[in-house]
Amino acid sequence: LFDDLVWRGLVHDVTDPALGDLLGAGPLTAYHGIEPTADSLAVHHLLGIIGMIRLQQAGHRVLALVGGGTAMVGDPSGSSGERSLLDLEEVKANVEGVRSQMERLLEQAGGPTPVRVIDNSEWLWPLGLMEFLRDIGKHFTVNAMLAKESVRARLEEREQGISFTEFSYMLLQAYDFLHLFDTHGCRLQLGGSDQWGNIVMGADLVRRVRGEQVFGLTTPLLVDEHGGKLGKTEAGAVWLDAARTSPYRLYQYLLNTADTQVGTLLRAFTLLPRERIEGLDAATAEHPERREGQRALAQAVVSLVHGAAEAERAAHAGAVLFSEDIAGLDEATLLDVVAEAPVTTMPRSSLADAGLSLIDALQATEMTPSKSAARRAIDQGGAYVNNRRIADVDQALTVADLLHDRYVILRKGKRDHHLLRFEA
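So, the side chain of His-418
Tracing the sequence through the fold places His-418 in strand S15 (residues 416–423). Residue classification places His-418 among the buried residues on the basis of a relative accessible area of 5%. At a separation of 2.6 Å, a polar atom in the side chain of His-418 contacts the side chain of Thr-344.

Okay, here's the thing in structure tokens:
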């Protein structure tokens with residue numbers, strides 16, 4: 001397992017090199033935590049989800065932690081400024097959304113024991129302040145806490161600084177590790193490289209309080225080709241909730257992965273075997289225009305998140321964007337496929353009697369600057385209705401052309417789409 005993680009580029013730091021042998025010697029109990037800052041996981045959370053599945057399939061016991069307690073404080077790691085505090089109702093709603101997603105994704109792990117999803121509010125909320133300060137706080141020096149990167153970076157910003165609330169976050173995360181060691185025998189914490197300081201403090205707390213060695217393993221933070229946060233697009237975050245980011249949009253996001261990055265994401269976000277990934281690496285190098293690596297990545301991830309049927313539907317939707325099969329898409333997918341196309345709304349009455357002249361439609365949507373230009377586009381075979389090439393300059397749009405009784409897709413040339421929406 002450890003060798004595979006190294007090959008995949010998923011080992012950034014370990015607290016002890018002996019961890020590699022321990023992972024191969026027998027079952028360990030490990031945990032990975034996710035803060036519920038929204039009511040859905042985002043695409044970058046797949047790194048932790050897939051990591052838990054890998055450990056579980058290798059025979060280890062895995063705890064998936066939702067930070068319902070620590071979310072009330074806010075993690076300063078990776079943040080240049082104070083995070084906005086969520087109120088209790090927001091946190092509860094976020095926990096419910098994230099927990100249900102984690103349970104569904106981790107059900108597919110298929111190892112000897114199921115992954116258990118837990119919420120740290122169960123033990124943090126009842127924890128008394130005096131008890132915490134006396135029994136936990138005494139084991140940490142402020143000097144050591146100030147040396148942590150997440151704190152030091154904020155202190156350098158004198159106007160911003162860091163509140164005592166966020167300063168205390170690392171103690172709460174350390175206590176999580178101690179609690180899970182006591183209640184579940186947990187000996188390994190997983191996390192991104194930005195969590196290294198928090199993980200080390202947790203391991204140190206267990207050593208001080210229980211006299212036992214526990215371990216930490218961090219993975220590199222994945223970034224996009226521009227060095228920005230993975231899954232951050234102009235349209236916003238790429239979510240794993242279908243209501244926020246549709247399976248088609250998720251598929252297209254992954255399909256557009258840069259050639260220089262697709263190998264990294266195939267290793268991190270999929271369970272594909274090494275031989276298959278190396279074959280896709282070679283295919284990408286030899287024939288990048290075929291996008292075999294990107295298609296395999298999109299297929300694997302969308303299948304994991306939304307199921308194989310949705311992945312096939314998303315792949316089909318992308319393939320029919322320029323074919324007459326677009327008429328067979330369901331309404332939601334159809335609108336997803338043409339989401340970036342301009343939209344013109346017209347009265348349904350314009351389709352009555354002889355219908356709406358295609359020439360008039362092309363001019364009204366400004367796809368052509370004039371009627372004569374529209375006529376030339378049709379004559380030259382460059383005008384399409386629902387991806388059906390139109391050769392007759394006298395062609396008119398009628399009710400029979402409507403998709404889902406509301407839409408007509410016009411196309412000029414190879415890629416210039418326009419959505420006509422007809423309202424009563």
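Once you've had a look at it, read on.
Observations concerning the sheet that holds strand S4 (residues 116–119)
Taken together, 6 strands build an open sheet; the order of strands is S1-S6-S5-S2-S3-S4 and the sheet is mixed. Strands at the two margins of the open sheet, each flanked by one partner only, are strand S1 (13–14) and S4. Packed onto the sheet, helix H3 (residues 46–57) meets strand S2 (29–34), strand S3 (61–66), strand S5 (188–192) and strand S6 (215–219) and runs at close to 155° relative to S3.

Description of the environment of Gln-108
Looking at the element boundaries, Gln-108 is found in the loop between helix H4 (88–106) and S4. Residues Gln-108 and Ser-246, 138 residues apart in the sequence, show an inter-C-alpha distance of 20 Å. When sequence neighbours within four positions are dropped, the list of residues in contact with Gln-108 reads Gln-57, Ser-303 and Leu-304.

Some remarks on the sheet that holds S15
Pairing is mixed across the open sheet formed by 5 strands, whose spatial order is S9-S15-S14-S11-S12. Bordering the open sheet on either side are strand S9 (343–347) and strand S12 (388–389), each of which pairs with just one other strand. Bridge analysis of strand S14 (residues 407–412) against S15 gives 6 bridges, and the strand direction is antiparallel. Considered in S15, the bridge of Leu-410 is made with His-418.

So, the environment of Lys-138
Along the chain, Lys-138 falls in the loop between helix H6 (129–135) and helix H7 (142–146). On the basis of relative accessible area, Lys-138 is assigned to the exposed category, the value being 57%.

Considerations on the pairing of S9
Of the two faces of S9, the one lined by Thr-344 and Met-346 is fully buried and the one lined by Val-343, Thr-345 and Pro-347 carries no buried residue. Here S9 runs beside S15; their pairing, made up of 5 bridges, is parallel. Paired with Thr-345 across the bridge in S15 is Arg-421.

Side note on the pattern of salt bridges
What the rule picks out here adds up to 20 salt bridges. Ionic pairing is found between Arg-267 and Asp-281, a salt bridge with its closest N-O pair at 2.6 Å. With a gap of 14 residues between them, Arg-267 in helix H13 (residues 259–269) and Asp-281 in helix H14 (residues 274–286) connect regions that are remote in the sequence. Residue Asp-281 is classed as partly exposed on the basis of its relative accessible area, which comes to 26%.

Considering the nonpolar core
One finds Ile-49, Met-102, Leu-106, Leu-188 and Phe-269 to be the most contacted residues of the largest nonpolar core, which totals 60 residues. For Leu-106, the contacting residues outside a window of four places in its chain are Ile-49, Met-52, Ile-53, Ala-64, Val-115 and Val-117.

Some details on the layout of surface pockets
Put simply, the second largest pocket is a space of about 1,100 Å³. Around the second largest pocket sit 39 residues that line it, and Arg-249, Gln-252, Tyr-253, Asn-256 and Glu-340 are the ones nearest its centre. Of all the secondary-structure elements, those providing two or more residues to the lining of the second largest pocket are strand S7 (232–233), strand S8 (236–237), helix H12 (247–255), H13 and helix H16 (308–319). The residue inventory of the lining of the second largest pocket, partitioned by class, reads 17 nonpolar, 11 polar and 11 charged.

Overview of helix H11 (residues 196–210)
Counted at 1.5 Å a residue, the expected span for H11 with its 15 residues is 21 Å, and the 21 Å between its end C-alpha atoms agrees. Taken residue by residue, H11 has Asn-198, Ile-199, Met-201, Gly-202, Ala-203, Leu-205 and Val-206 as its buried positions. For H11, the elements touching its buried residues are H7, helix H10 (169–184), S5 and S6.

A short note on the packing of aromatic side chains
Taken as a whole and assessed by the stated rule, the structure comprises 2 aromatic pairs. Residues Phe-132 and Tyr-175 carry aromatic rings whose centres are separated by 6.3 Å and whose planes lie at 80° to one another, so their mutual orientation is edge-to-face. Of this pair, Phe-132 sits in helix H6 while Tyr-175 sits in helix H10, and the two are 43 residues apart along the sequence. In this structure, Phe-132 and Tyr-175 share a single accessibility class: buried. Looking at Arg-244, its charged tip hangs above the ring of Trp-239, at a distance of 4.3 Å from the centre. When the ring centre of Tyr-384 is taken as reference, the NZ or CZ atom of Arg-411 above it lies at 3.9 Å.

The rules behind these values
Residues numbered from 1 in each chain as written. Predicted model: local features only at pLDDT ≥ 70, side-chain atom pairs only at ≥ 80, totals over all residues. Heavy atoms only, no water. Helix = DSSP H or I, 4+ residues; strand = E, 2+ residues; numbered from the N terminus. Buried < 20%, exposed > 50% of the residue type's maximum accessible area, 1.4 Å probe, protein only. Polar contact = N/O pair within 3.5 Å; in protein donor to acceptor, adjacent residues only side chain to side chain. Pairing = 2+ DSSP bridges. Contact = heavy atoms within 4.5 Å. Axes fitted to C-alpha atoms, helices over the stretch in contact; angles between N-to-C directions. Salt bridge = Lys/Arg side-chain N within 4 Å of Asp/Glu carboxyl O. Core = buried A, V, L, I, M, F, W, Y, C linked by side-chain atoms within 4.5 Å. 1 Å grid on protein atoms, 1.4 Å probe; cavity = no way out; pocket = protein on both sides within 12 Å on 5 of 7 lines; lining within 4 Å. Points joined across faces, edges and corners; volume = space filled by probe spheres on them. Nonpolar A, V, L, I, M, F, W, Y, C, P; charged D, E, K, R; others polar. Expected span 1.5 Å × (residues − 1). Phe/Tyr/Trp six-rings, centres within 6.5 Å; stacked < 30°, edge-to-face > 60°. Lys NZ or Arg CZ within 6 Å of the ring centre and 35° of its normal.

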